[in-house]
Amino acid sequence: MIDSDWKDIYRKRFTTTEKAVQHIESFQKIFLAPMCNEPQALVEELIRQKSRLQEISLYTVVLGSPCKYADIACHPHFNIRTFLSSPLLKKAYENKKCDYLPVNFSEIPRWIKEEHIDVALIQVSPPNADGFCNLGLSVDVVPTLIKEAKIVIAEVNSNLPVTFGETLVHVSEINFFVHSDRSLLTIRNSQPSEEDLKIGRYVATLIPEYATIQVGVGKIASGIIQSLHSKVGLGVHSGSISDDIMELINIGVVTNERKEINRNRTVCTTLTGTNDLYEFCHQNERIELYPINYTHNAAVISQISNFHSINSALEVSLSGQINAEQVDDSHVVAGVGGQMDFIRAS
């Protein structure tokens, strides 16, 4: 496509946030770009227009989201369907306006194809010289959404980091663009307790030199990562990376030098951290983001020798059964996520 062609497409498809959201109709299925790449200007406009909407099914992957759509004023209009839970969804659960979907991350792309999503709301960078926008913080299931959703609306945010891997989407693949200069959603770096660090030190004894690791999120995960500072030549192939992983890269612990695939590259599908992490990953060829179809794919992970999956749990029974999702009879604390994908692949 010649330069003038993609620019014409981009210009013609650019509109206001209000007009873009007006393409959403009652009874439709709306999927929000997951985690910290959730497009906040579009979400807020959807909430502003809620009075004209009924029985909207709103699909989300919450980690990092402020869950503004879960406010009690939205309950008559939105039915939330989430792949990851959050305390911010508690009232929606109690009012029967939120359902947890127990789907492994690796299976979400197939689920999207079968569910027939009406509208995808995503966030991208401004296009480059060849007409390609960058997905920035999180690739996850967005490539599948772009292919499968009937309408794709993109919030164009110049604050988004430009990342490497499979992060590009051409302007011709998106139906509508809206401008945004919002600050990006972030996740505060977890501060592990002494108990978390003690657990981390135990786990560190099980990780050999030059291993490739996958690590979850939270205080225990942070305690584990901080206990790996004396290791040599580690690799990372994970669902997400945090500020703690950034630190391991900076001090030379993570080098990815022995990985059979993506050698010398840290691989993930989403960034879960602060603006420091985003700045570190901006135009950093050592960090690559790929769709879930790749990062959580057992056939891909099985090519990596010495792979170690590190995840946390809430409870362990005397018979050895592990609960990583729910406490007592309350709503789900976290969710399946990618934990089982990595455990099975290890």
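Rules used in this analysis
Residues numbered from 1 in each chain as written. Predicted model: local features only at pLDDT ≥ 70, side-chain atom pairs only at ≥ 80, totals over all residues. Heavy atoms only, no water. Pairing = 2+ DSSP bridges. Helix = DSSP H or I, 4+ residues; strand = E, 2+ residues; numbered from the N terminus. Salt bridge = Lys/Arg side-chain N within 4 Å of Asp/Glu carboxyl O. Buried < 20%, exposed > 50% of the residue type's maximum accessible area, 1.4 Å probe, protein only. 1 Å grid on protein atoms, 1.4 Å probe; cavity = no way out; pocket = protein on both sides within 12 Å on 5 of 7 lines; lining within 4 Å. Points joined across faces, edges and corners; volume = space filled by probe spheres on them.

This next bit is on the sheet that holds strand E14 (residues 266-268). Spatially, three strands are ordered E8-E16-E14 in an open sheet, and the strand pairing comes out parallel. Both edges of this open sheet fall to strand E8 (164-165) and E14, since each of them pairs with a single strand only. The pairing of E14 with strand E16 (residues 287-289) spans three bridges and is classified as parallel. If you follow Cys 268 over to E16, its bridge partner there is Leu 289.

Attention now goes to the pattern of salt bridges. The full count for this structure, using the stated rule, is 10 salt bridges. Linking Arg 182 and Glu 44 is a salt bridge whose minimum nitrogen-to-oxygen distance equals 2.6 Å. Linking Arg 182 in the loop between strand E10 (176-180) and helix H7 (194-204) with Glu 44 in helix H3 (residues 40-48), this pair joins segments that are 138 residues apart in sequence. Between Asp 118 and Lys 150 there is a salt bridge whose closest N-O contact spans 3.2 Å. You can see Asp 118 sitting in the loop between helix H5 (108-115) and strand E5 (119-124) and its partner Lys 150 sitting in the loop between helix H6 (142-148) and strand E7 (151-157), a full 32 residues away along the chain. Residue classification places Lys 150 among the exposed residues on the basis of a relative accessible area of 58%. Linked through salt bridges whose partners overlap, the residues forming this network are Glu 44, Lys 68 and Arg 182.

This part covers empty space enclosed by the protein. The full count for this structure, using the stated rule, is one cavity of 30 Å³ or more. In this structure, the largest cavity spans a volume of roughly 40 Å³. Residue lining of the largest cavity: Cys 36, Glu 38, Gln 40, Gln 123, Glu 155, Arg 182, Ser 183, Leu 184 and Leu 185, and that is the complete set.

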